[in-house]
Number of protein chains: 2
Amino acid sequence: MQSIQEMGQSAQAAAFTLGQLATTKKNQVLLAMADALVAATPTILAANRQDMAAANANQVRQVMRDRLKLDEQRIATMATGLRQVATLADPIGVIDKGWQTDAGLQIAQQRVPLGVIAMIYEARPNVTVDAAALTFKSGNAVILRGGKEALQSNIALATVLQQVLVDLQLPAAAIQLVTDTSHETAQALMRLDDYVDVLIPRGSGKFIKTVVQTATVPVIETGAGNCHIYVDDSADLAMARDIIINAKTQRPAVCNAMEKLVVNQQVAAQFLPQLAAALAPYNVELRGDEQAQAILPTITPATTEDWATEYNDYILAIKVVPDLDAAIKHINRYNTKHSEAIITNDYAHSQQFTKQIDAAVVYVNASTRFTDGFEFGFGAEIGISTQKLHARGPMGLTALTSTKYVVRGSGQIRQ
Amino acid sequence: MQSIQEMGQSAQAAAFTLGQLATTKKNQVLLAMADALVAATPTILAANRQDMAAANANQVRQVMRDRLKLDEQRIATMATGLRQVATLADPIGVIDKGWQTDAGLQIAQQRVPLGVIAMIYEARPNVTVDAAALTFKSGNAVILRGGKEALQSNIALATVLQQVLVDLQLPAAAIQLVTDTSHETAQALMRLDDYVDVLIPRGSGKFIKTVVQTATVPVIETGAGNCHIYVDDSADLAMARDIIINAKTQRPAVCNAMEKLVVNQQVAAQFLPQLAAALAPYNVELRGDEQAQAILPTITPATTEDWATEYNDYILAIKVVPDLDAAIKHINRYNTKHSEAIITNDYAHSQQFTKQIDAAVVYVNASTRFTDGFEFGFGAEIGISTQKLHARGPMGLTALTSTKYVVRGSGQIRQ
C-alpha cells in the first residue's frame, strides 16, 4: 500500500497533467466513467453488500445504513451525475478580469485549478463519485477519504473511475482513494501541506472543528447549519407557517434545515399555537424559552445548549424576542454562519436583517432549504462553505479553482 | 492589560459596527487619522527614539534599523497613505453577481467585510498605519502585532488612531495593538478562532511556515518570493539583461526581487558573460550549476539548497537548462508560487510558460518587480498572497472582504 506521502506526491504530478487538459477531453472522460459505472454495477453492488453486512453486524444507525446502501437505481443516478457534470461549463481558463497598467503591462486574471484537493467525508459512496467528477472537471487531482463503513463500496467505485483514466491515457493518481481508514492516516492527510492545496471536510460540526484544529493544509469548512427563521411582527403568518414546515420537516437531517425559531413577541401568542398545530402531524418536538412556554405550556424548556445545537432531527427550539435588534443579536451569537431567514412584510426590517446578519446566505421570505448548489443554479455542489475565506455558501465548480495573473509585457522594468 | 481573548471579543463587537458604516464616514475617519498623525509627530518621534536606542544597544541589523526609523517625512508619508486610502472605492456592498432562480428567488452576491483580521508583521511602524487604514476602509476590525523592536513606535501610532475613533464615536477596539510581544501571546492570537476570521502573517518564509503549522485561524500566506527569470533561446538578450538588472538589483530585499536565473543552453555561452559584465557594478555574487561555471569559471558552485533559497540579497544563482520543458520543471519544483518570468520572442513558448508555471503572477518580457498592489493599479496593498485560496497575488481592499448571498423571495418553499 502507498503511504499518504506517496499519494500526495503522485497526486501533485497528476494535477499538472489535469491542469492542461482540454475541456472536450475532460468531458469524454466523465462520460466514459458514467458508462463504466453502469457496466460495473454487479461488482459495485457485491462490494456494497459487504459494507452493508458489516454495518448490520455492527448495528450501525438506520439513517447511516440508508445512505450507505446502493442499488441499481442509485448507481444509475451516480452515472447521471457524471454526465451532468460533463455538460457544465469548464471554469478553467476563464478570465475574471483583464486590464492594462500605466507601464503598458497587460494583466489577465485567469482561472486555474487549485491543484490537489483532499476530501474527508461520511460513509456515503455517492460522494466518492460526485467529488471525483467535480474535482476532475475543474482540473484538480483528488485524494478521497470516505467513512470506513463504506470502504468496500468506495474501493469498487474508485477502481472503476481509475480504470477509465488509465484506459484514456491519463494518470490514475488523478483520483485516489485512501484505503487505510485509520485516524492516523486521516491526520497525516490533514497535515500534508507539501502536496495538498485544500482540504474539504464534510461531517458533523464537531468533526469539522477537530479538522480545523489538526490541519495545517488550508481548510474549507462546510456544512454545520444551526439555521434560524425569524418571524417578524409584520410577517404574513400563513407564509411563515408554510416556510417553517418546509424548512423544518422536509429533510431535517440536512445542513440547510431549520433548527431554531425566533419570533417577535407581538405575534408570538397568535402564531405559536397555529404553528404547533400545523407541526403536530410531523411529530416535531418543540422546546422553548420561558415566554414560549407561557404560550405553549406543554413544550420542553430550552437551555443555552439548545440555542447552540444543530439537532439534525425533528426538534425545534423557540425563542421569543422583543424586537428585530434582539433577534439579530441572538442569531449572530448562536448561528453557524450558514443560512438565516426573516419572514416579514416590513421593508426596513428586511433591509436591516440582510445587512446585519452574518451568514453565508440570508433570506427574506423564503425557506432556508434553498441553500444548495443546484437550487442556486450552479449545476453542481461540492459542499456549503460556512467560512469567509475563498468561497462562502454553496460551492460549485468555480469554488474548486484559484486564479493566476498572467502579465504580458514588452521589456518593462520597474521605475 | 487585556487578555488576547478579551481583545478578540471586543474586536468582534467593533467589527459589527464597522460593517455597517457608510463610506463617507469611513473616509472622514481616515482623513482625521491623517491629520492626527501629523499633529502627533513629536510624540511619535519620541517613542521611535526609544525603539531606536534599544535597537542600537541590541546591535540590531542596519537594514532593520532603517525600516524602524521614523522622521517627520516618514510620518507625513503615512498620513498621505491614509488620505489615499480614503480616495479608494469602498468594496463593501458591491454586488459581484446577481440572478433569478427557477423558483423566482432573487439572489445577490454582495461584498461584506471579513470581520476581524489579525496581522503579525515585522518591526516596521508604517505597516501599523497601512494595515489599520486598509482593514478599516474594508469594514474590518484589526488586531495588530508588530515586531517587538517597534513596540514604542507602534503604541504611539495606535494611540493616535484609536483616539480618532473615540473622538468620532466609534469603538476603539476597531484597531487594537497587541502590546505583549511574547511568543505565547502571538501563538494565542494564531489560535483565536472564536474571534479572528483571518490571520495575515508577514515576514520570512520560515516564519510564515511556523504560523501555518501553529494557526487554527485561517491564514493567508504572504510574501515568500524565490522568483525566477527564464531566458529563452529566442530572447532579446539586451531586454533580458535590462530586466534582470532591474529585477535583481533595484531592491534585492523585497519579495518580488529576482533570485534565480534559468537560461537556455543555446544562448548561455553568449548571454552569461554579457550579464556578468552588466551586473559587475552592482556587486552581485553569482553562483551557478556546472554548465554556468564552465562559462563563468570564477563563480561559486550552486547547491541544491541554493535553488530553494530566497536570498533577499545581492546574490543570483544560475541554472542552465536544455529547453523550456526543463526550465518549467525546475521552476515549478523550487519556486514559492510568487512571481516568475520568461524572456522570449517565441509565441508558443510564451503560451506554454504562462500556462504551465504554477505561481501567483507569471510574466512574459517584464520584470518580476511589478508584482505589487500599486503597480497593478489596486491603489493599495496589504501583502502578496502566495497561496491559492481566497486571494492570490497582490492583495488590495477586495482581498480583505468576503461575500454574502442575499436572497429575496415571496414565500418560496423547496419542492
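This section reports on the structure supplied with the text. Just so we're clear, the structure is a prediction, and the values are computed from it rather than from any experiment.

## Re the overall build of chain A
So, step 1. Broken down by element type, chain A carries 15 helices and 16 strands.
So, step 2. Compactness check: chain A gives a C-alpha radius of gyration of 24 Å against a globular reference of 22 Å for 415 residues, within 12% of the reference.
So, step 3. Seen along its three principal axes, the alpha-carbon backbone of chain A occupies a region of about 70 × 70 × 35 Å.
So, step 4. Scored against the burial criterion, the 415 residues of chain A give a buried share of 58%.
So, step 5. Of the contacts made within chain A by residues no fewer than 6 positions apart, 72% connect residues no fewer than 24 positions apart.

## Overview of the sheet that holds strand E12 (residues 339-343) of chain B
So, step 1. Read across the open sheet, the 10 strands follow the order E1(A)-E2(A)-E16(A)-E13(B)-E12(B)-E7(B)-E8(B)-E11(B)-E9(B)-E10(B); overall the sheet is mixed. What marks the edges here is a single partner per strand, and that holds for strand E1 (95-100) of chain A together with strand E10 (300-301) of chain B.
So, step 2. Where strand E2 (residues 106-113) of chain A and strand E16 (residues 401-412) of chain A come together, eight bridges link them in antiparallel fashion. Bridge pairing links Pro113 of chain A to Thr401 of chain A in E16 of chain A.
So, step 3. Contacting E16 of chain A together with strand E7 (227-231), E12 and strand E13 (361-366) of chain B, helix H15 (residues 347-356) of chain B runs over the sheet at an angle of about 145° to E16 of chain A.

## Points about the interface of chain A and chain B
So, step 1. Taken together, the contacts link 68 residues of chain A with 69 residues of chain B.
So, step 2. When chain A packs against chain B, close to 5800 Å² is buried across both sides, 51% of that on carbon and sulfur atoms.
So, step 3. A per-residue breakdown of the area chain A buries against chain B is headed by Leu389, Tyr405 and Arg414 of chain A, which together make up 15% of the total.
So, step 4. A salt bridge links Glu375 of chain A to Arg414 of chain B; the nearest nitrogen and oxygen atoms lie 3.3 Å apart.

## A look at the state of the cysteines
So, step 1. Considering all chains together, one arrives at zero disulfides over all chains under this definition.
So, step 2. Of the cysteine sulfurs around Cys255 of chain B, a residue in no disulfide, the closest is that of Cys227 of chain B, at 6.9 Å.

## Let's talk about the sheet that holds strand E3 (residues 116-120) of chain A
Residue and element names in this part refer to chain A.
So, step 1. Spatial ordering of the open sheet is given by E5-E4-E3-E6, a layout of four strands whose pairing is parallel. Across the chains shown, the open sheet's two edge strands, defined by having one partner strand only, are strand E5 (175-177) and strand E6 (198-201). Averaged over all pairs of adjacent strands, the angle between their axes in this sheet comes to 20°, without regard to strand direction.
So, step 2. Judged from the three bridges that link them, strand E4 (residues 141-145) and E5 form a sheet pairing that is parallel. Each residue of the ladder has a partner; that of Leu144, found in E5, is Leu177.
So, step 3. Helix H1 (residues 4-19) contacts E3, E4 and E5 of the sheet and is inclined by roughly 145° relative to E4.

Thresholds applied
Residues numbered from 1 in each chain as written. Chains lettered and ligands numbered in written order. Predicted model: local features only at pLDDT ≥ 70, side-chain atom pairs only at ≥ 80, totals over all residues. Heavy atoms only, no water. Helix = DSSP H or I, 4+ residues; strand = E, 2+ residues; numbered from the N terminus. Rg over C-alpha atoms; globule rule 2.2 N^0.38 Å. Buried < 20%, exposed > 50% of the residue type's maximum accessible area, 1.4 Å probe, protein only. Contact = heavy atoms within 4.5 Å. Pairing = 2+ DSSP bridges. Axes fitted to C-alpha atoms, helices over the stretch in contact; angles between N-to-C directions. Buried area = accessible area lost by both parts, 1.4 Å probe. Salt bridge = Lys/Arg side-chain N within 4 Å of Asp/Glu carboxyl O. Disulfide = S-S within 2.5 Å.

Any functional reading would require information beyond the geometric quantities listed.
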